[in-house]
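Summary of structural features
Here's the letter readout for the chains.
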Amino acid sequence: MDGQSFFPPSARTRATSKTRAFLKTTLALFALVLLLLAPVGAAQAQGGTISGVVLDRNQTPLENAQVTVRGTRLGSQTDANGRFRIAGVDGTTATLEIRRLGYKMTTATASVGTETRVSMEPASVSLDAVVITGQPGSTNKRTLGVDIAQIDASSVTAKAPINNFQNLINGRAPGVTILQNSGVIGSGATVRIRGVSSFSLSNTPLIYVDGVRVDNSQGTGPQNQSFGASTTTRWNDFNPDDIESIEIVKGAAAATLYGTEAANGVIQIITKKGAQGKPAWDMTVRGGTNEFANQDSRIWTNYGPDPVTGLIVPLNIAKREADAGNPIFKTGHMQSYDIGVGGGSQTFRYRVSGSFKKDGGVTPTNDLKNYGGRANFTLNPTDRIQIESNLAYVTGRTNLAPEAGYGGTTWTTYYATPTNLYNSAGVPLPNNGFYSALPTAYDKQYQMYQDINRFTGSVNVTHSPASWFSHHLTLGTDQGLEYNEELSAVHHDPNFSYFFGFDADSGYKSVFTRQNTFSSLTYGGTLKNAFSAITASTSYGVDFFRRNTSYVSAYGEDFPGPGLTALSSTTSARTGSETSVENNTVGVYGQEQLGFRDRMFLTGGLRADNNSSFGANFKRVYYPKVSASWVLSEEPFFRLPYVNTLKLRSAYGQTGQAPLPYSAVPYFTATTGPNGSAAVTPASRGNPDLGPERGYETELGFDAGFLNDRAGIEFTHFTGGTRNAILEQPVAPSSGYPGTQLVNAGKISKHGDEIMLRATPIANARTSWDVTFSTSTNHTKVVNLGGATFISPSANIRHTVGYPVGAWWGKKVVDATIDPVTGKVASVSGVAQVFCDPGPGGGAEVLCANAPLVFLGNTTPTSEGAFTSTISFWSNFSIYTLVDFKGGYKKLDGNRRVRCHLFIECRENYYPKEFSPAIVGAVSSSAYVSDLINDASYTKLREISLSYNLPASFATRLGAARASVSIAGRNLHTWTNYKGLEPEASFQGGARGFGQWEQDVTPQLRSFVGTLRLNF
Amino acid sequence: MKLTRIARRMTRATMTTGQIITILVLSTPVLSCNLLDKGLEATAPDKIETSTLEIPANAGLIVNSAIGNFECALKSYVVDAAMASGEFMDATATAANWAFDRRDTDPTADTRYATNGCDVYGIYTPIQVARGTADRALELLQGWTDAQVAGRQDLIAKAAAYAGYSRILLGEGFCEAAINLGPKLTSNAVFASAETMFTTAITAAQAAGDQQILNMAYVGRARARLDQGNKAGAAADAALVPSGFVMNASSENAPTIRQNRVQVFNQSRLVSVGATYRNMTVAGPSGPVPDTRVAVTNAGQNGSDNRTPLYIQTKYANSTSPIPIASYKEAQLIIAEVQQGQTAVNIINALRAANGLPAFSSTDPTAIANEVTEARKRELFLEGQHLYDVRRLNLPLDPAAGIPYSTVYLKGGNYGTERCFPLPDVETLNNPNIGG
């Protein structure tokens, strides 16, 4: 147990001491080196100043362009007005190199003391773009043997109606799949990169902000979908307006240096930094609406017997209410304000920003209000030391609407029934046709919200004592405190008693807090050398990462009366609990990169990790990587018509994912025994041999530019998988232990292709048209399940050897014998004559009672992509459009399940002669799902915007240097064959697990947003 | 500044930049490799490792925990057994509850009865956890000494008695079972194992002078013997149980695992009382009178599926009501079943009188035998006894097999013929001595 056990306390004390000792040693070592080497650095140079502005071809200022003085370490970046300023330049002239994501590297000669004006041309392929993710330090894209996606976030937010971080990514990086789930404001998407990698562990990519790992949890708040499913996400805490760019490491080949836990990829957020110069202010104001588009035509007609006559009658409650001028789902309103200022000198730069956002959903109980702030500082005390700190804070409340398994307005509306219009005597019922309570009653009865207070911060010290050596130390933390509350208060109202019973008569309250602390420390260095045409870059480093999450919860029932809502006012069933989860990782890595004439690069690396979740018998894990890139187009012999840039790349690498904390150790937990006494109960059998899952991947691809880079293509093929995949193997209960035991026994393989096309079909002085098209595929297959043929993580979902991971399985109804009189399924000797697919062996259809479960489809999209278009015209106008699509997967239409299989509200239930025998058979029992699992492929007009840069004279009148306005729409149209309400809607995790299961979920909302941007 | 000057002097005097960098680069991997095996401890304030728990000082805690595990398992077992035997019927829209209510439990697909916790319909795993913890407690206590553990004999008696009762539930509820990752056992083999446990409990309880556990073990062994068909042995043990004895599983309102799940699930509209039990009466001189042993009220509303009429049992008044594990009443009914004749009539009437019900009178052996069976059904209503009576005595299934399941709600299928729960796949697939 040495090094692994979390017992007893004395061991913890020793551990804490060891950890502290490590931190102290590392810090002391770094401080000593800084101290020793600081004098070696020259004092801040004196000299002239170069300043200027960087513009695009439409003469619009470009923010965040990196401007460096060739042959020196001097440099700066442009502010929100495209301006830059570099002091300390020796001589009278200098050559500037200007780099920016999405543009060709540009050089310009600048004279000290005069203004320099630089115009940049967009680049379809940019080999000189700087990449910082997945590398020991920053590097040019040309050196990479892997594909790392880059998103120019500041350009996207400037033109698209981006309302959260996830939508900033959606459709902008091939291989990254965003499954939106719910339209509830404040809810989050499920994010997958290159499909799924794990049977039992998380499939969510890691998030880093400015080099520091932060909380990437999804579905953390009140379970407003029930079945263990929450909709809030920590991904919503990142303000898109604070982000300069995003880099995405997609697979094991590129994520090796992130080690254990990076198997699902890494998303790095690079925040905006201050640019040298006088303070540059920017302000963005947005206002808009959110709506349940076409609710009266999308929400279906239900059927049921008239309570008086018994005749079958229809009810379309959404239309009824809309026709009465009282649509069930209201229009929500949003507004947001962002303001930032950046500036500084060569030795100190800053950017400080603040934001306020209020966003309203389509039910009165759903809205979001938060405040955020960010302060980024960069200090250069000498030209060899850079100290950078990035601090952010966000606080706010998200009020959630109940949906899915919880009920709520969606539930009572979607499943409305004529039987609830009045009783058999014709007396109107309180439900007025709604399935359960009136929507207004739900709004009053259930309140759920989450408060978040989150601080993320990092300090990075980079020291470059020699031209051939630099090293850095990064300290980071992410401290988040969630307060989650669910209240069902007492209402002494007969209708509420009728609707909600105990919940309204007695009431209950549940609260829980989740405090998450991420701490990280990274030290690394790089030594560079050159031998004639060969360059060598040797890097090394050590990472320490700790994640600690503590939960405190309390619950109580029975408020004595209305108005009492405090937990202390509950009078029974009061309980409380506290738990915490801790996980620690230590990793060491080394990398060697060799370059030849700056066009051939060979890289090899190795990382060794240990993790507190590994079993006592598992010591450490090693992850190797090797990659090569070749800029073929720069070879003297290269001659290909129309092709001006061509880079070939290939890579192999491994990474991993640690087991769940404490899963290696057998343990008991506390419980309440007889008469309220103290007791314990077995909780886990443990597994001392448990180690990490090992992701592996080979990547091949190329980047090519055509027609002087007016068109470009990036292509990647990947193949790999997961070895030692962790399976949740059930424990035989006769062992005396409940639950499951994690074992490294599975294997997953996967492969896919990714293509990104960029082109500028039109580019002239007054008009330009930029388009991108991206698409990707991913295919997973279960190779081994430790001897089992399949395992079923949740209802109708199976991991089956030879089939995709987490696929839909069920009995497939193909026919039924129909009673000619009733039109319903005939029965022989009490057995319903419904026939199913006989399974892989083929043959005649068999009675469904005896039929096997068969493969019904993928649960995760196997293809996705997007098309974007930006048309700029008349210098000041631009139209931006994003259309995205997903395909190759199926969704379970739980709304149909409830209506047709359970509540008997479908036309199929009452007019069976209008439908095929297979459909009649399928709806004859809740045991069948084949009619519910349907292709959910779709194409969506996701974003469209029209922007106008106001004339300078107008901006000046507002006291601004620049001003622009835009109007935009989001989720405007969907093309799909999916028969449910919304192909993107789904439970977000919980017991509904792997699959995409739409049941009583709010669809994606249609939004319209107006934006005013000012730069001062 | 002073440090900087010192450092500058040191640097100039002793080291070059290259030397310092070399030291740094070389020392980092050395330091890091050392670190890889240290400093990884993770605290867990809400968990206690098995090896830390199992010490003599924790003997009382270990036995108490085994009792708690059993009580929770029993409450869930009573609910599931009631659904399978017709005492209760499901009233939810949750398909996962329907199979054992419909008596066609699929050992592969239906996981709720197999692996759920005792607060959510689980029975096989909770019973096995209760048995496992009681067995382990007994094993530990038998390995420790009286010097190490005060009151060791009494703890042994308790551990053995609850280990026996866990076996009773396994044997009665499941068609087959396994113990400690062993092979499949028939119910009779499980009852035999239970009888051994009760004998151990009786010996230890006598040594410790614990009359309550002694009586509980007598009733338990009588039940185990009756289940095996050893009627004489059963009656002999039952006769040793004094009047008024009852051993309950206690209940508290919080946490939920301590609640009387029978009352809570019924009150929460998840289950309704089965049709047979809604208006039970007893023949009296002036006509039928309501049977107070099976007191049921019509709630006037539907269950949570909004379709099934809700009938509420009133035997357990609230979530803190205890549930009998063993009682004098049960012992008397065992005697009545074994002895039959006037002895049985006398016992039936004594029990009826205690409930203010008219007396039963008959000399017809068949009528008496039927009345004994009926008395067990009513006296032991919702105590987890009827399911095995249906199997043991081959009583008619209620509702009858083959009729459509839930006519008020499209839950699908017909009532099955199941008289015991199948051994779930979670055992058969993962037990190395069965097939795992």
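Read on for a plain summary of the structure.

Rules used throughout
- Residues numbered from 1 in each chain as written.
- Chains lettered and ligands numbered in written order.
- Predicted model: local features only at pLDDT ≥ 70, side-chain atom pairs only at ≥ 80, totals over all residues.
- Helix = DSSP H or I, 4+ residues; strand = E, 2+ residues; numbered from the N terminus.
- Buried ≥ 20, exposed ≤ 12 C-beta atoms within 10 Å, placed from the backbone.
- Contact = placed C-beta atoms within 7 Å.
- Axes fitted to C-alpha atoms, helices over the stretch in contact; angles between N-to-C directions.
- Parallel < 35°, antiparallel > 145°, perpendicular 65-115°, else oblique.
- Left-handed = near helix turned anticlockwise from the far one by under 90°.
- Pairing = 2+ DSSP bridges.
- Expected span 1.5 Å × (residues − 1).
- Arc of directions from axis to C-beta.
- Core = buried A, V, L, I, M, F, W, Y, C linked by C-beta atoms within 7 Å.

**Thoughts on the overall build of chain B**
Counting its regular elements, chain B contains 17 helices and 11 strands. Burial analysis of chain B (436 residues in total) assigns 52% to the buried set. Considering only contacts within chain B whose residues lie at least 6 apart along the sequence, 68% involve residues at least 24 apart.

**Digging into the packing of helix α9 (residues 187-208) of chain B against helix α10 (residues 211-228) of chain B**
Residue and element names in this part refer to chain B. Where α9 meets α10, the axes come as close as 8 Å, and the angle between the chain directions of the two elements is 160°. In terms of orientation, α9 lies roughly antiparallel with respect to α10. Regarding α9 and α10, the two cross each other, and that crossing is left-handed. From α9, N188, F191, A192, A194, E195, F198, T199, A201, I202, A205 and Q206 reach across to α10, where they touch I213, L214, A217, Y218, G220, R221, A224, R225, D227 and Q228.

**A few points about helix α11 (residues 894-902) of chain A**
Residues and elements named next belong to chain A. In terms of burial, α11 is largely enclosed, as 9 of its 9 residues are buried. Considered for burial, the residues of α11 that qualify are G894, N895, R896, R897, V898, R899, C900, H901 and L902. Of the surrounding elements, those touching the buried residues of α11 are β18 (302-305), α7 (408-414), β50 (890-893), α12 (907-910) and β54 (997-998).

**Regarding the sheet that holds strand β4 (residues 83-89) of chain A**
Residue and element names in this part refer to chain A. Read from one edge of the open sheet, 3 strands run β4-β1-β7, paired in mixed fashion. With partners counted over all chains shown, the strands left at the sheet margins are β4 and β7 (115-119), one partner each. Across the sheet, the axes of successive neighbouring strands diverge by a mean angle of 25°, strand direction being ignored.

**Considerations on helix α14 (residues 341-354) of chain B**
Residue and element names in this part refer to chain B. Look at α14: 20 Å from first C-alpha to last across 14 residues, which is about the 20 Å you get at 1.5 Å a residue. A344, V345, I347, I348, L351 and R352 are the residues of α14 that are buried. Angularly, the buried residues of α14 cover 165° about the axis, an arc narrow enough to put them on a single face. Facing away from the buried side of α14 by more than 90 degrees, the exposed set consists of Q342, A353 and A354. Of the surrounding elements, those touching the buried residues of α14 are α13 (328-339) and α15 (365-379).

**Examining the sheet that holds strand β10 (residues 148-151) of chain A**
The strands making up a sheet associate through backbone hydrogen bonding, with each pair oriented either parallel or antiparallel. Residues and elements named next belong to chain A. A sheet is described by the order of its strands in space; here 5 strands give the open sequence β10-β15-β16-β13-β14, paired in mixed fashion. Among the strands making up the open sheet, the edge pair consists of β10 and β14 (212-214). Taken over all neighbouring pairs, the strand axes of this sheet differ in orientation by 25° on average, direction set aside. Looking at chain direction, strand β15 (residues 243-249) and strand β16 (residues 266-271) are connected through 6 bridges and run antiparallel. Note that in β16 the partner of E247 across the bridge is Q268.

**Topic: the pairing of strand β41 (residues 807-810) of chain A**
Residues and elements named next belong to chain A. Of the two faces of β41, the one holding A807 and W809 and the one holding W808 and G810 are both buried throughout. Sheet topology note: the strand β40 (residues 797-800)/β41 ladder contains 2 bridges and is antiparallel. Residue pairing across strands places I797 opposite W808, the latter belonging to β41. The sheet contact formed by β41 and strand β47 (residues 854-857) spans 3 bridges and is antiparallel. Bridging across to β47, G810 finds its partner in V854.

**Here we look at the nonpolar core**
Nonpolar side chains in soluble globular proteins generally cluster together in the buried interior. Membership of the largest hydrophobic core comes to 120 residues, with the highest contact counts inside it found for A159 and A201 of chain B. Residues in contact with A201 of chain B, not counting those within four places in the same chain, are A157, A160, A161, G164, I213 and A217 of chain B. If you look at the next biggest cluster of nonpolar residues, it comprises 62 residues, including Y208, V249, A254 and Y880 of chain A.

**Quick look at the environment of S436 of chain A**
Residue and element names in this part refer to chain A. Topologically, S436 is positioned in the loop between α7 and α8 (439-445). Exposure remark for S436: the 20 C-beta atoms within 10 Å place this residue in the buried category. Ignoring anything within four residues of it in the chain, the contact list for S436 reads G407, W411, T412, N431 and F499.

**As for the environment of A530 of chain A**
With respect to the helices and strands, A530 of chain A occurs in strand β26 (residues 508-531). Exposure remark for A530 of chain A: the 11 C-beta atoms within 10 Å place this residue in the exposed category.

**Describing unusual backbone geometry**
Generally, phi is negative for residues other than glycine and the peptide bonds are trans, each holding for most cases. Backbone torsion omega between A254 of chain B and P255 of chain B reads -5°, so that peptide bond is classified as cis. Mapped onto the elements of the fold, P255 of chain B is located in the loop between β5 (246-249) and α12 (261-267). A cis geometry characterises the amide bond from D398 of chain B onward to P399 of chain B, with omega recorded as -5°. Examined against the element boundaries, P399 of chain B turns out to sit in the loop between α16 (386-392) and α17 (425-428). We note that D598 of chain A has phi near 60°; this positive angle belongs to a residue other than glycine. Position of D598 of chain A relative to the elements: it lies in the loop between β28 (572-596) and β29 (600-611). Overall, the presence of 13 C-beta atoms within 10 Å leaves D598 of chain A in the partly exposed class. Positive phi values are uncommon outside glycine, yet Q340 of chain B reaches one of about 55°.

**Describing the environment of H973 of chain A**
Residues and elements named next belong to chain A. Along the chain, H973 turns up in strand β53 (residues 962-976). In this structure H973 comes out as partly exposed when scored by C-beta crowding, with 13 C-beta atoms within 10 Å. C-alpha of H973 to C-alpha of A293: the two residues are 680 residues apart in sequence and 9.4 Å apart in space.

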